[in-house]
Amino acid sequence: MERRLILILALCRAIPCQGYYSQSKPYVPPREKVTKLHFFFHDTISGKNPTAILVARPNFAAVFKNTPIPFGSVFATDDPITLGPNLTSGVIGNAQGIWASTGQDVLTLVVYWDVGFTQGKFNGSSITMFSRNPIAQMEREVAVVGGRGKFRMAKGFAQLKTYFADFTTGDAIVECNVTVIYHRV
Ligand SMILES: *[C@@H]1O[C@H](CO)[C@@H](O)[C@H](O)[C@H]1NC(C)=O
Ligand SMILES: *[C@@H]1O[C@H](CO)[C@@H](O)[C@H](O)[C@H]1NC(C)=O
Ligand SMILES: *[C@@H]1O[C@H](CO)[C@@H](O)[C@H](O)[C@H]1NC(C)=O
C-alpha cells in the first residue's frame, strides 16, 4: 500500500502532473547581503542631447502651468549616473525608465527606474526603483523594490538630495544614497 503511494508520487514528479508548475515547497530564505551605494543622477531635459524625453502630455491647456513638467506629462529617461556631481567624474551606469508628473498642486513624480551599473563589481546588475518622488522637497526617499543580477531579490531605499536644479528647463543633478539588501547569489 505504502509502496504504491510512493510509486504514484514518484511518477507524479517524473511526469509533471499539472504541466506548468513545480511542487510547492516551504521557502527557505537564502542569506542576504547589504550594500550602500552613492552616486549622482543627471536628468537633462533641455539641449541637443536630452536624457529625459517627453513622450506624452495632457491635451488640456488648463493644467499647463509655468513648469517644463506639468501634471500628467510622462517622460522616458536614460540618465547617466556618475561617481560625483560632475559628468566628468566618471559614468558608472544609467537610470532607464519612465516617470510621470503626478502632483496636481505640488510638483511630484512617480518614477519607475531600472538603475543599471556598467562598471566595477556590479557591472551588468541593476536595482529597480518604483516610487513616489516628491521632487519639490530637497531631500526625499524612494523605494527600491527589486533588482537583477547580483542584486537579485533586492529591496531597500534610496535617499535623494537635489544637488542642482534649473526650474526653467527642468534639468537636475540629484545625489543618491542607496541601502540595498539582496540575496547572496
Ligand atoms: C564640471 O567640470 C568641468 C571641468 O572640470 C567644469 O567646467 C564644469 O563647470 C563642472 N560642472 C559642474 C556642474 O560642476
Ligand atoms: C561590463 O560588462 C559588459 C558585458 O558583460 C562588458 O562588455 C564590459 O566590458 C564590462 N565593463 C567593465 C568596465 O567591466
Ligand atoms: C549620503 O551619504 C553621505 C555620507 O554619509 C552624506 O555625506 C550625504 O549627505 C548623503 N546624501 C544623501 C542624499 O543622503
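Residues numbered from 1 in each chain as written. Chains lettered and ligands numbered in written order. Predicted model: local features only at pLDDT ≥ 70, side-chain atom pairs only at ≥ 80, totals over all residues. Heavy atoms only, no water.

## A closer look at the pattern of salt bridges
Test applied: By definition, a salt bridge exists where a carboxyl oxygen of Asp or Glu is found within 4 Å of a side-chain nitrogen of Lys or Arg. For the purposes of this entry, the term helix denotes a DSSP run of H or I that reaches at least four residues, the term strand denotes a run of E that reaches at least two, and both are numbered from the N terminus. Each residue is assigned to one of three classes by its accessible area relative to the maximum for its type, calculated with a 1.4 Å probe on protein chains only: buried under 20%, partly exposed between the two thresholds, exposed over 50%.
A full pass over the atoms with the stated rule returns one salt bridge. Between Lys155 and Glu32 there is a salt bridge; the shortest N-O distance is 3.3 Å. Linking Lys155 in strand S8 (residues 155–165) with Glu32 in strand S1 (residues 32–43), this pair joins segments that are 123 residues apart in sequence. Given the relative accessible area of 38%, Glu32 is considered partly exposed.

## A few points about the site of ligand 2
Our working definition: In these notes, residues near a molecule or strand are those with any non-hydrogen atom within 4 Å of it. Methods summary: accessible areas were calculated by the Shrake-Rupley approach with a probe of 1.4 Å, and residue burial reflects only the protein chains presented.
With respect to spatial proximity, the complete set of residues near ligand 2 consists of Thr118, Gln119 and Asn123. About the coverage of ligand 2: the protein hides 26% of its 360 Å² of free accessible area.

## Brief notes about a nonpolar patch on the surface
To be explicit about the condition: Here, patches come from residues exposed beyond 30% relative accessible area and free of salt bridges, joined within 9 Å for like charges and within 5 Å for nonpolar side chains (Val, Leu, Ile, Met, Phe, Trp, Tyr).
On the surface, a nonpolar cluster with roughly 390 Å² of combined accessible area is contributed by Ile98, Tyr112, Phe130 and Val145. The residue Ile98 is located in strand S4 (residues 91–101) in this model.

## Observations concerning the site of ligand 3
Rules: Contacts described as polar in this section are N or O atom pairs within 3.5 Å, which, within protein, must combine one atom able to donate a hydrogen with one able to accept it, while residues neighboring in sequence count only if both atoms come from side chains. Classes in brief: Ala, Val, Leu, Ile, Met, Phe, Trp, Tyr, Cys and Pro nonpolar; Asp, Glu, Lys and Arg charged; the others, Gly included, polar.
Inspection of the region around ligand 3 gives Gln159, Leu160, Lys161, Glu175 and Asn177 as its neighbouring residues. A distance of 3.5 Å separates an oxygen atom of ligand 3 from a polar side-chain atom of Lys161. For ligand 3, whose accessible area on its own is 360 Å², the fraction buried by protein is 50%. Every element with two or more residues in the shell around ligand 3 is listed here: S8 and strand S9 (172–183). A total of three residues in the shell around ligand 3 trace back to one element, the largest contributor, which is S8. Among the residues making up the shell around ligand 3, the classes are represented as one nonpolar, two polar and two charged.

## Concerning the side chain of Thr128
For clarity, the cut-off: Here, two residues are considered to be in contact whenever any of their heavy atoms come within 4.5 Å of each other.
Its location among the elements puts Thr128 in strand S6 (residues 126–133). Those residues within four positions of Thr128 in sequence are excluded, and the remaining contacts are Tyr112, Trp113, Asp114, Ala143, Val144, Val145, Gly146 and Gly147.

## Quick notes on the nonpolar core
Selection criterion: What is meant by a nonpolar core is a set of buried Ala, Val, Leu, Ile, Met, Phe, Trp, Tyr and Cys residues, joined one to another through side-chain atoms within 4.5 Å.
In this structure, Phe39, Phe41, Val115, Phe117, Ile127, Met129 and Val178 are the most contacted members of the largest nonpolar core, which totals 31 residues. If you list the elements that add at least two residues to this core, you get S1, strand S3 (74–82), S4, strand S5 (109–117), S6, strand S7 (139–148), S8 and S9. With six residues, S9 is the largest single contributor of residues to this core. Contact partners of Phe117, with chain neighbours within four places excluded, come to Leu37, Phe39, Ile81, Ile92, Gly93, Phe122, Asn123, Gly124, Ser125, Ile127 and Phe151.

## A closer look at the pairing of S5
Our working rule: Here, a strand pair is defined by DSSP locating no fewer than two bridges between the strands.
For S5, the tally of buried residues reaches seven of nine residues, placing the bulk of the element in the interior. Across nine bridges, S4 lies against S5 in antiparallel orientation. Note on S5: the bridge partner recorded for Asn94 is Gly116. Direction of pairing for S5 relative to S6: antiparallel, over a ladder of eight bridges. Across the sheet, residue Leu109 finds its bridge partner in S6, namely Asn133.

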